[in-house]
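Chain by chain, the residues run as shown.
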Amino acid sequence: PFWLKPFWFTLKVKLCALSRLLTSSGMRFFQGITAWLVVFFLASCAAQDEPEDLAAMKQEVAELRKLILSGVQQEEQGRRLLPQGWSKSISGDTVTTAYTDEATKVLIAASKATKKDVDIAMDSIWLILCGALVFFIHAGLAMYQAGSIRVKNTENVMTLVFLNICIGGLVWYIFGYAFAFGGPFKTENNKLELDNGGFGGSKGFAGSGFLKEDSDGNMVGYKLDAKGYPTQALMLQWFYKWGVCSLVGAIVSGGVSGRITLYSYAIYSLLMSFFIWPLIAAWTWGHGWMEKIGDVGYTDFAGSAIVHIPAGVGALAGAVILGPRDGRFDETRGREMYPHSMPLVVFGAFVIWFGWYGLTCGHTLALHTSLQAALAAQVATNVTIAAAVSGVTIFGLRYARLKIYDTKGMCHGIVAGLVTISAGCANVENGSALVIAMIGAAVYEGCSWLLVFTKVDDPVDASAVHGACGIWGLLAAALFDWGLGFDHYNGRKAFDCMGKKTLTDPGCTDGIGGKAFGVNIAVMIVIVIWAGLLSGLIFWICDKAKILRVSEFVERNGNDKMLHYPARAYDLGRGKEAPAVVPPPII
């Protein structure tokens with residue numbers, strides 16, 4: 001009615017207050033009945049009012065009903081979230097206090113567990129991606145090496161790379177990973193150390209421990225730490241390091257290509273993945289004895305020494321014992337040794353460069369903090385600078401010396417820069433990376449010339465690129481460390497300097513720069529002796545057993561034509577030509 005309008009605003013305010021009161025914990029029984037009475041009263045008033053007010057009043061009724069029902073739902077949710085055992089008859093204030101305290105505890109625990117899960121997921125994605133990039137380097141090596149040799153051995157070289165990664169994967173699963181990272185480990189002075197004298201692991205053979213069975217009989221792919229939080233799956237490290245381990249044998253195949261037998265190379269690849277490289281990894285990345293030398297330890301972030309020195313000295317040992325290819329140092333046949341496909345060489349170099357970001361950045365081993373992200377960016381920047389500078393430097397040196405545009409030399413220079421910076425990419429400044437790469441290019445150029453001078457036939461300069469540049473990269477990582485001069489030293493700690501041992505004095509340890517350089521020299525000598533002697537011994541035994549080198553007839557006619565099927569890497573329109581070997585029967 002018209003006379004009710006002046007009181008409508010006051011009535012509406014009171015009704016809102018009444019609705020809030022009705023939502024309290026002690027009035028739940030009357031909430032539904034009261035809501036419908038209010039709705040009925042307002043509807044009856046609205047029916048007698050003028051038509052223009054009807055729509056507005058319906059809107060008010062709808063909002064009031066929504067408010068009342070919202071209070072009922074919130075109360076019901078609060079009751080459901082109460083800890084088990086709480087009485088339903090307790091007061092609203094007690095419920096609120098109890099629920100708040102309990103909910104806070106639950107939320108804190110849940111947030112920690114959730115953050116840990118997210119961290120593990122991010123780290124897993126990061127390492128799987130980087131591991132896939134490392135695996136892709138093998139495709140680059142196959143193209144790089146195949147293009148660098150004569151066309152008649154193209155298929156043979158690519159088969160060596162594939163054979164290596166397949167054998168390497170199997171042996172790494174059964175033996176290699178256990179020797180390198182299987183443990184057991186102990187904690188001493190808040191540092192993880194390899195037990196058993198730090199020489200090698202003794203657990204984790206054939207994937208034992210990768211999966212565990214819980215009390216319900218379900219398989220679990222990760223372990224829980226002391227606080228009950230999940231940790232990284234062991235298979236994550238296995239996958240990433242498998243690609244790294246297989247790189248060593250793949251690099252060696254380039255130095256012995258064109259004349260080594262498949263079975264002798266298979267023996268070498270098997271033994272390299274079995275214990276030669278895994279023990280080097282155990283001494284260094286596996287928290288072994290090299291981590292404690294001189295209380296400073298080695299500095300090799302991504303493998304200038306750990307990966308590339310064994311590969312380089314292995315290629316050198318194989319090239320020396322095998323001897324040069326037929327006609328390699330015959331001046332009348334020199335053109336026969338030119339790369340048969342520069343597109344393959346260039347494409348391979350690009351793929352290697354691309355995959356190198358996985359090999360180097362991936363050694364952060366995690367990516368769930370801003371510090372780790374900054375370190376990955378630092379590593380990627382140094383790798384890019386080093387590869388570019390070294391490639392341009394070799395291109396310029398070859399032009400100055402030979403007056404030619406040496407594309408193959410430029411590709412070798414790019415890879416030399418990548419190898420050189422791998423050890424120190426996480427603890428040297430960008431400008432230092434440029435200088436290190438320039439010197440590394442000069443080291444490669446000098447060693448490449450020395451190989452030719454001494455008539456050592458290395459078709460892809462693997463011993464110069466990986467061996468010599470790996471040695472220089474290891475030494476440069478200590479010389480150019482971004483610690484304060486030679487007084488402070490960062491090394492493996494990257495952004496942090498190596499601190500004093502006492503907790504009361506957390507400052508940087510003074511005067512250890514020279515000691516760190518000496519430690520890296522010692523590490524280099526040990527790796528050269530270990531990998532060089534064992535590689536040489538394997539090739540020497542195969543040579544004495546008359547299984548190391550293919551026959552002169554096979555070498556002269558080409559491995560592809562005499563030993564492989566199909567009998568050539570390229571058809572080139574000669575499909576009617578009879579193959580040299582009998583093809584397998586068609587099933």
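Calculation notes
- Residues numbered from 1 in each chain as written.
- Predicted model: local features only at pLDDT ≥ 70, side-chain atom pairs only at ≥ 80, totals over all residues.
- Heavy atoms only, no water.
- Helix = DSSP H or I, 4+ residues; strand = E, 2+ residues; numbered from the N terminus.
- Buried < 20%, exposed > 50% of the residue type's maximum accessible area, 1.4 Å probe, protein only.
- Contact = heavy atoms within 4.5 Å.
- Phe/Tyr/Trp six-rings, centres within 6.5 Å; stacked < 30°, edge-to-face > 60°.
- Lys NZ or Arg CZ within 6 Å of the ring centre and 35° of its normal.
- Pairing = 2+ DSSP bridges.
- Core = buried A, V, L, I, M, F, W, Y, C linked by side-chain atoms within 4.5 Å.
- Patch = residues over 30% accessible without salt bridge, like charges linked within 9 Å, V, L, I, M, F, W, Y side chains within 5 Å.
- Areas by Shrake-Rupley, 256 points an atom, 1.4 Å probe, with all protein chains shown as cover.
- Salt bridge = Lys/Arg side-chain N within 4 Å of Asp/Glu carboxyl O.
- pLDDT = per-residue confidence, 0-100.
- Disulfide = S-S within 2.5 Å.

A. Seen up close, the overall build of the chain. Counting its secondary structure elements, the chain contains 16 helices and 4 strands. With 587 residues in all, the chain has 46% of them scored as buried. Partitioning the intrachain contacts of the chain with sequence separation of at least 6 by distance along the chain shows that 73% fall at a separation of at least 24.

B. Structural context of the packing of aromatic side chains. According to the stated counting rule, one finds 26 aromatic pairs in the structure shown. Centre to centre, the rings of Phe-175 and Phe-274 are 4.7 Å apart; their planes meet at 55 degrees, and the pair counts as tilted. Taken together, the residues Phe-175 in helix H5 (residues 154-181) and Phe-274 in helix H7 (residues 262-283) connect sequence positions 99 residues apart. In this structure Phe-175 comes out as partly exposed when scored by relative accessible area, which is 35%. Among the aromatic side chains, those forming a connected cluster through ring pairs are Phe-175, Phe-179, Phe-199, Phe-205, Phe-274, Phe-275, Trp-283, Trp-289 and Trp-530. The positively charged end of Lys-241 is found above the aromatic ring belonging to Trp-285, 3.9 Å away from the centroid.

C. Spatial organisation of the pairing of strand S1 (residues 185-188). The pairing of S1 with strand S2 (residues 191-194) spans 4 bridges and is antiparallel. The residue bridging Glu-188 from the neighbouring strand is Lys-191, located in S2. Joining the antiparallel neighbours S1 and S2 is a turn of 2 residues, in which Asn-189 adopts a positive phi near 55 degrees.

D. The nonpolar core, seen in detail. Within the largest apolar cluster, 102 residues are counted, with the highest numbers of intra-cluster contacts made by Trp-172 and Trp-277. A per-element tally of this core places helix H6 (residues 234-255) first, with 11 residues.

E. How the structure looks around a nonpolar patch on the surface. Together, Leu-434, Val-435, Met-438 and Ile-439 line one region of the surface with nonpolar side chains, adding up to about 290 Å² of accessible area. One can find Met-438 in helix H12 (residues 430-453).

F. Local environment of the confidence of the model for the chain. Residues of the chain with pLDDT of at least 70 account for 74%, and the chain-wide mean is 83. Counting interchain partners and residues more than four positions distant, the pLDDT-below-50 stretch residues 86-93 has 8 contacts.

G. Examining the state of the cysteines more closely. Taken as a whole, this structure holds 0 disulfides when the rule is applied. Sulfur of Cys-130: no disulfide; nearest cysteine sulfur belongs to Cys-361 and is 6.6 Å away. The exposure class of Cys-130 is buried, given its relative accessible area of 2%.

H. How the structure looks around unusual backbone geometry. Of note, the amide linkage connecting Gly-183 to Pro-184 takes the cis form, showing an omega dihedral of 10 degrees. With respect to the secondary-structure elements, Pro-184 resides in the loop between H5 and S1. Residue Pro-566 is bonded to the preceding Tyr-565 through a cis peptide linkage, with omega at -5 degrees. Its place among the elements puts Pro-566 in the segment after helix H16 (559-563). For Ala-206, which is not a glycine, the phi torsion comes out positive at approximately 55 degrees.

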